[in-house]
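Okay, here's what each chain looks like letter by letter:
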Amino acid sequence: MKLFVDTGSIKEIETIAALGILDGVTTNPSLLAKEPGDFRQNLKRICDIVKGPVSGEVTATDFAGMLQQGRDIAKIDPHMVVKTPLTRDGIRACKQLSGEGIRVNVTLCFTPAQALLAAKAGASYVSPFVGRLDDISTNGMDVVREIVQIFDNYEFPTEILVASCRHPIHVVEAARLGADIATCPPAVIEALFNHPLTNIGLEKFLKDWEKAQAIKA
Ligand code: E4P
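Bear in mind the structure is a predicted one, so any value in this text is a computation, not a measurement.

Colleague: Can you explain the packing of helix α1 (residues 10-17) against helix α3 (residues 39-50)? Please cite residues and give values.
Modeller: Close contact between α1 and α3 brings their axes to 10 Å; oriented N to C, the two are set at 5°. In this view, α1 runs roughly parallel relative to α3, as classed from their interaxial angle. Between α1 and α3, the residues in contact are Ile10, Ile13, Glu14 and Ala17 and Asn42, Arg45, Ile46, Ile49 and Val50, respectively. Of the residues assigned to the contact of α1 with α3, the class counts are six nonpolar, one polar and two charged.

Colleague: If you had to explain the pattern of salt bridges to someone new, which residues and values would you point to?
Modeller: The full count for this structure, using the stated rule, is 13 salt bridges. Residue aspartate 38 pairs with arginine 40 through a salt bridge whose shortest N-O separation is 3.8 Å. The exposure class of aspartate 38 is partly exposed, given its relative accessible area of 32%. Aspartate 208 is the salt-bridge partner of lysine 204, the closest N and O atoms lying 2.9 Å from each other. You can see lysine 204 and its partner aspartate 208 sitting in helix α11 (residues 196-216), four residues apart, about one turn around the helix. Using a relative accessible area of 33% as the deciding quantity, one classes aspartate 208 as partly exposed. Counted as one network, the salt bridges with shared partners bring together Asp38, Arg40 and Asp72.

Colleague: Account for the environment of valine 104, with residues named and values stated.
Modeller: Within the secondary structure, valine 104 sits in strand β5 (residues 104-109). Spatially, the C-alpha atoms of valine 104 and proline 186 are 23 Å apart, while their sequence positions differ by 82 residues. Sequence-distant contacts of valine 104, defined by excluding residues within four places in its chain, comprise Val81, Val82, Thr84, Cys94, Leu97, Ser98, Ala123, Ser124 and Tyr125.

Colleague: So, the site of the ligand: which residues are in play, and what are the values?
Modeller: As a matter of local geometry, the ligand sits amid Asp6, Thr26, Asn28, Lys83, Phe129, Arg132, Ala163, Ser164 and Arg166. One of the side-chain N or O atoms of lysine 83 is found 2.6 Å from an oxygen atom in the ligand. In isolation the ligand exposes 340 Å². Once the protein is present, 87% of that is buried.

Colleague: Run through the nonpolar core, naming residues and quoting values.
Modeller: Core analysis: the biggest nonpolar cluster contains 55 residues, and Val25, Val106, Val144 and Val162 have the highest contact counts within it. In terms of residues, this core owes the most to one element, helix α8 (residues 140-154), which gives six residues. In this structure, Val81, Leu161, Ala163 and Ile181 belong to the second largest nonpolar core, which totals seven residues.

Colleague: An account of the sheet that holds strand β4 (residues 80-85) is requested, with residue identities and associated values reported.
Modeller: The eight strands are arranged β1-β2-β3-β4-β5-β6-β7-β8 in a closed barrel whose pairing can be described as parallel. Going from strand to strand, the sheet's axes swing by 30° on average, the running direction of each strand aside. Looking at chain direction, strand β6 (residues 125-128) and strand β7 (residues 159-162) are connected through two bridges and run parallel. Bridged to tyrosine 125 within β7 is glutamate 159. The sheet strands contacting α8 are β5, β6 and β7, and the helix crosses β7 at an angle near 175°.

Colleague: Let's hear about the side chain of threonine 158: which residues, and what values?
Modeller: Mapped onto the fold, threonine 158 is located in the loop between α8 and β7. Side-chain polar atoms of threonine 158 contact the backbone oxygen of alanine 123, separated by 2.8 Å. For threonine 158, the residues in contact, after removing those within four places along its chain, are Ala119, Ala123, Ser124, Tyr125, Val126, Phe151 and Asp180.

Colleague: Mind laying out the packing of aromatic side chains, listing which residues take part and the relevant values?
Modeller: The geometry of an aromatic ring pair is captured by the separation of the ring centres together with the interplanar angle, meaning the angle of the planes. Within this structure, the stated rule accounts for three aromatic pairs. Consider the rings of phenylalanine 151 and phenylalanine 156, whose centres lie 5.5 Å apart with planes at 70°: the pair is edge-to-face. Since its relative accessible area comes to 4%, phenylalanine 151 is described here as buried. A network of ring pairs unites the aromatic residues Phe151, Tyr154 and Phe156 as a single cluster. Directly above the aromatic system of phenylalanine 63 lies the positively charged group of arginine 92, at a separation of 3.7 Å from the ring centroid.

Colleague: Quick one: what's the story with the side chain of threonine 84, residue by residue and with numbers?
Modeller: By secondary structure assignment, the location of threonine 84 is in strand β4. Threonine 84 sits in the buried class, given a relative accessible area of 0%. Engagement of the side chain of threonine 84 in a polar contact is seen with the backbone oxygen of glycine 90, the distance being 3.2 Å. In this view, threonine 84 contacts Val58, Gly90, Ala93, Cys94, Leu97, Val104, Asn105, Val106 and Thr107; residues no more than four positions away in its chain are not counted.

Scoring rules and cut-offs
Residues numbered from 1 in each chain as written. Predicted model: local features only at pLDDT ≥ 70, side-chain atom pairs only at ≥ 80, totals over all residues. Heavy atoms only, no water. Axes fitted to C-alpha atoms, helices over the stretch in contact; angles between N-to-C directions. Helix = DSSP H or I, 4+ residues; strand = E, 2+ residues; numbered from the N terminus. Parallel < 35°, antiparallel > 145°, perpendicular 65-115°, else oblique. Contact = heavy atoms within 4.5 Å. Nonpolar A, V, L, I, M, F, W, Y, C, P; charged D, E, K, R; others polar. Salt bridge = Lys/Arg side-chain N within 4 Å of Asp/Glu carboxyl O. Buried < 20%, exposed > 50% of the residue type's maximum accessible area, 1.4 Å probe, protein only. Near = heavy atom within 4 Å. Polar contact = N/O pair within 3.5 Å; in protein donor to acceptor, adjacent residues only side chain to side chain. Areas by Shrake-Rupley, 256 points an atom, 1.4 Å probe, with all protein chains shown as cover. Core = buried A, V, L, I, M, F, W, Y, C linked by side-chain atoms within 4.5 Å. Pairing = 2+ DSSP bridges. Phe/Tyr/Trp six-rings, centres within 6.5 Å; stacked < 30°, edge-to-face > 60°. Lys NZ or Arg CZ within 6 Å of the ring centre and 35° of its normal.

Structure (structure tokens):
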């Protein structure tokens, strides 16, 4: 399963990329709005760091505006993926942009029916938001399970990008279900590393080693 980081922060992306386990980046307007500077230049810099798929979202809500912004975003770098929302115009724009050879990530997906529409429109990725579903007492992972089943049934090539991951269990569940990608905030990626027994074990190994060296000396 691929692991993406969900942030617009170049500093955070550099830190996570240095770990050697990063496959791509997702951004959204809320995340990019927090960053200083021109968003196009920031996205270009992110592509240069990651050298993998980087999602940048359109902010237009009408078909023509989405096409214009989508083509503009795609020109930033060959690694750019255009995000369109799961609306009627977003699905139409996905179909058109995908037909032009531009990779599209259909975002704000909350049901298997919506994911089916994204796949039929030729999306390269569809992003079910599991955390936001959990927030309203709906199991986000149940939605991912159904999407995996539907896409397997028909061999849709659209990759399932599990988004709005809030903790390591979301990542593990996404992997267990066979989702293609999980995108997480940097803190969740950091949390994947943590287990107290790893720290305790390492401390003991090093102490034992030092003790033995002192006896030998
Ligand atoms: C994904 O592409 C979205 O940017 C993101 O995962 C949304 O996460 P949130 O619900 O934590 O804002």
